[in-house]
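Close look at the chain arrangement
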2 protein chains.
Amino acid sequence: MDLTERNRLSDNIVHKLRKAILLGEFALDEHLREPALAERFGTSRTPVRDALMVLIREGFVAKLSSGRVVVQGISSEDITNLYEVRFILESHALAAWAKQIERLPLQPLKNCFERMNLNFVRSGEFSELDMEYHEQLIRLAGNKSLLQSWLGIGETIHSILEITNQGYPRGEQIVQDHSKIIEFLDRNKIDEAVATLKQHLYEGQMTMVETVEKLKKLKTHSTNP
Amino acid sequence: MDLTERNRLSDNIVHKLRKAILLGEFALDEHLREPALAERFGTSRTPVRDALMVLIREGFVAKLSSGRVVVQGISSEDITNLYEVRFILESHALAAWAKQIERLPLQPLKNCFERMNLNFVRSGEFSELDMEYHEQLIRLAGNKSLLQSWLGIGETIHSILEITNQGYPRGEQIVQDHSKIIEFLDRNKIDEAVATLKQHLYEGQMTMVETVEKLKKLKTHSTNP
DNA sequence: TATTATCTAACTGTCGACAGTTTAATAAAG
DNA sequence: CTTTATTAAACTGTCGACAGTTAGATAATA
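What comes next concerns the included structure. (Residues numbered from 1 in each chain as written. Chains lettered and ligands numbered in written order. Predicted model: local features only at pLDDT ≥ 70, side-chain atom pairs only at ≥ 80, totals over all residues. Heavy atoms only, no water.)

Now for the overall build of chain A. Helix and strand counts for chain A stand at 9 helices and 3 strands. Reading the helices (α) and strands (β) of chain A from amino to carboxyl end gives α-β-α-α-β-β-α-α-α-α-α-α. Within chain A, buried positions represent 48% of all 225 residues. Intrachain contacts of chain A at a sequence separation of at least 6 include 72% that bridge at least 24 residues. As displayed, chain A has an accessible area near 11,700 Å², and 52% of this comes from carbon and sulfur atoms. (Helix = DSSP H or I, 4+ residues; strand = E, 2+ residues; numbered from the N terminus. Buried < 20%, exposed > 50% of the residue type's maximum accessible area, 1.4 Å probe, protein only. Contact = heavy atoms within 4.5 Å. Areas by Shrake-Rupley, 256 points an atom, 1.4 Å probe, with all protein chains shown as cover.)

Right under this line is the structure:
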């Protein structure tokens, strides 16, 4: 079933570069040079180039038409934007699912929830399961483009969570919300499911904004002599 | 203002590969081999790899975890999906713009419309201007993530239009719709603007589905001996 | 000193090559 | 004749190198 999952060097570089950008290691609009990055990560330029293409798509960096790649950084407004789009995509998924003549089964969503419910203490896996739950939610719509758009947003959010994650203080709340959404869907109460989702995402957004703000202050102090 | 626009070989390859896939030159799930493509386009493998990464993002091909890149093709359902997402993004842009305390100016949208209104005979530029109009519409929301998500959808749609384009039989209707949307926005009639947009996109979707179906039939006949 | 011109160093896009791995083909066994 | 084992060809990921171009430093001019 194609589980090979070869580890490419670029994957590792993507991960580390995202972290470095989020932690404010680079200044805004700073030019990221491929040779310097290649030396930093102990590779040739090829995996660095591949990694930069991924980060361009995710919006962490931007490519000027001159070819230069510059750091974009993540502001509170960016996070608000991100969650705004995330909500319209996910709420549309629920609405689209409800409109289907033959609705796709809720089972994958439920299975994911069960795994999360059991392991919700282990914060490492929790973040993955949280995102997987929302991905399953999107998949309910059976719309390839919707999934593709969501993956762009979802991966960005996930990578931010991965780094800023403080151990999921809201773990129990999250599990409870996920449970409520499934119940509402089961009972065909779509509006209630969407409302729960909205509140759920809003809280996630607030937490992330706070965390990123903290990080930013931390950075400002440590660099101001 | 950064107008350099260097021509990379990969851009050319992206264009030609998209066209080949849409015209049905490759079978579904066919394996695209980098060396073969490199020879076909008279380049080394590097620009081919870069081009494939773009096509992966656009959904024309998919990368298996083994590293293989396989052709995905475009079905009528794919187009429906594409337009469904496009509509929720664009309609959200209008709603978000309307909610702003200090609304972004409509001028860029109007400027784009004027250029389209003048040149709408020249079908070559028309396609570009049509997409630019809708991009300006998205920009009204002032949401970076929304724009990024839309660009993914928009570029895919644009590339399909570019190839299947039969000379824009609906040109006048399109210009008229664009004009109506601007008027509605000017008068703060958001619901009407969204309704016009919905009808506008629906007609675009129908045209594209028809065209792609025609292409498919054409292909079936020419390959069946 | 401010501004323009020149030059050098460095970067990006591209190339060909290599190594490990995977696929496909062939041979061996049931 | 089908299924498993073996082998060989080919592909992907990675590397170092080169050339044209760009950015920044230095020199020249006002």
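In the vicinity of DNA strand C there are 20 residues, among which R45 and R49 of chain A together with L9, S44 and R68 of chain B approach most closely. Considering DNA strand C, the proportion of its atoms within 4 Å of the protein that are sugar or phosphate atoms stands at 69%. Between S44 of chain B and DNA strand C, the recorded distance is 2.8 Å, taken from a backbone N or O atom to a phosphate oxygen. Elements supplying a minimum of two residues to the surface near DNA strand C: β1 (31-32), α2 (34-41) and α3 (45-58) of chain A together with α3 (45-58) of chain B. Here the element with the most residues in the surface near DNA strand C is α3 of chain B; it accounts for 3 residues. Counted by class, the surface near DNA strand C contains 4 nonpolar, 6 polar and 10 charged residues. (Near = heavy atom within 4 Å. Polar contact = N/O pair within 3.5 Å; in protein donor to acceptor, adjacent residues only side chain to side chain. Nonpolar A, V, L, I, M, F, W, Y, C, P; charged D, E, K, R; others polar.)

Moving on, we come to helix α2 (residues 34-41) of chain B. Because the α-helix completes a turn every 3.6 residues, residues three or four places apart line up on one side. Residue and element names in this part refer to chain B. Of the residues making up α2, those classed as buried are E34, L37, A38 and F41. With its buried residues spanning 105° around the axis, α2 presents them on a single face. Residues P35 and E39 are exposed on α2 and point more than 90 degrees away from its buried face. A positive phi of about 65° marks G42, the residue just after α2. (Arc of directions from axis to C-beta.)

Around DNA strand D sit 20 residues, and of these L9, S44 and R68 of chain A together with R45 and R49 of chain B come closest. Of what DNA strand D places within 4 Å of the protein, 70% of the atoms are sugar or phosphate. Between DNA strand D and the protein, one listed contact pairs a phosphate oxygen with a backbone N or O atom of E34 of chain B at 3.2 Å. Take the surface near DNA strand D: its biggest share by element is 3 residues, from α3 of chain A. Considered class by class, the residues forming the surface near DNA strand D number 4 nonpolar, 6 polar and 10 charged.

The next thing to look at is the packing of helix α1 (residues 9-22) of chain A against helix α7 (residues 144-164) of chain A. Residue and element names in this part refer to chain A. Where α1 meets α7, the axes come as close as 10 Å, and the angle between the chain directions of the two elements is 70°. By the criterion of interaxial angle, the relationship of α1 to α7 is roughly perpendicular. Touching H15, R18, K19 and L22 of α1 are E155, S159, I160, E162 and I163, all from α7. (Axes fitted to C-alpha atoms, helices over the stretch in contact; angles between N-to-C directions. Parallel < 35°, antiparallel > 145°, perpendicular 65-115°, else oblique.)

Looking now at the pattern of salt bridges. Two side chains that carry opposite charge are able to pair once their charged atoms sit near each other. Using the criterion set out here, one finds 24 salt bridges over all chains in the structure. Salt-bridge contacts for E183 of chain B lead to R187 of chain B; the nearest nitrogen and oxygen are separated by 3.3 Å. Residue classification places E183 of chain B among the partly exposed residues on the basis of a relative accessible area of 36%. According to the relative accessible area criterion, R187 of chain B is exposed, its value standing at 54%. Among the charged side chains, a network of salt bridges with common partners joins E34, R45 and R49 of chain A together with D50 of chain B. (Salt bridge = Lys/Arg side-chain N within 4 Å of Asp/Glu carboxyl O.)

On to the interface of chain A and chain B, then. When the parts of a complex come together, some accessible area is lost, and that lost area is often taken as the interface size. Facing 36 residues of chain A, the contacting portion of chain B comprises 36 residues. When the two sides are added together, the surface that chain A and chain B hide from each other amounts to roughly 2,800 Å², 45% of it contributed by carbon and sulfur. On the chain A side of the interface with chain B, the three residues burying the most area are S65, I88 and K144 of chain A, jointly 18% of the side's total. At the surface where chain A touches chain B, the tally comes to 4 salt bridges. The salt bridge partner of R49 of chain A is D50 of chain B, with a shortest N-O separation of 3.7 Å. (Buried area = accessible area lost by both parts, 1.4 Å probe.)

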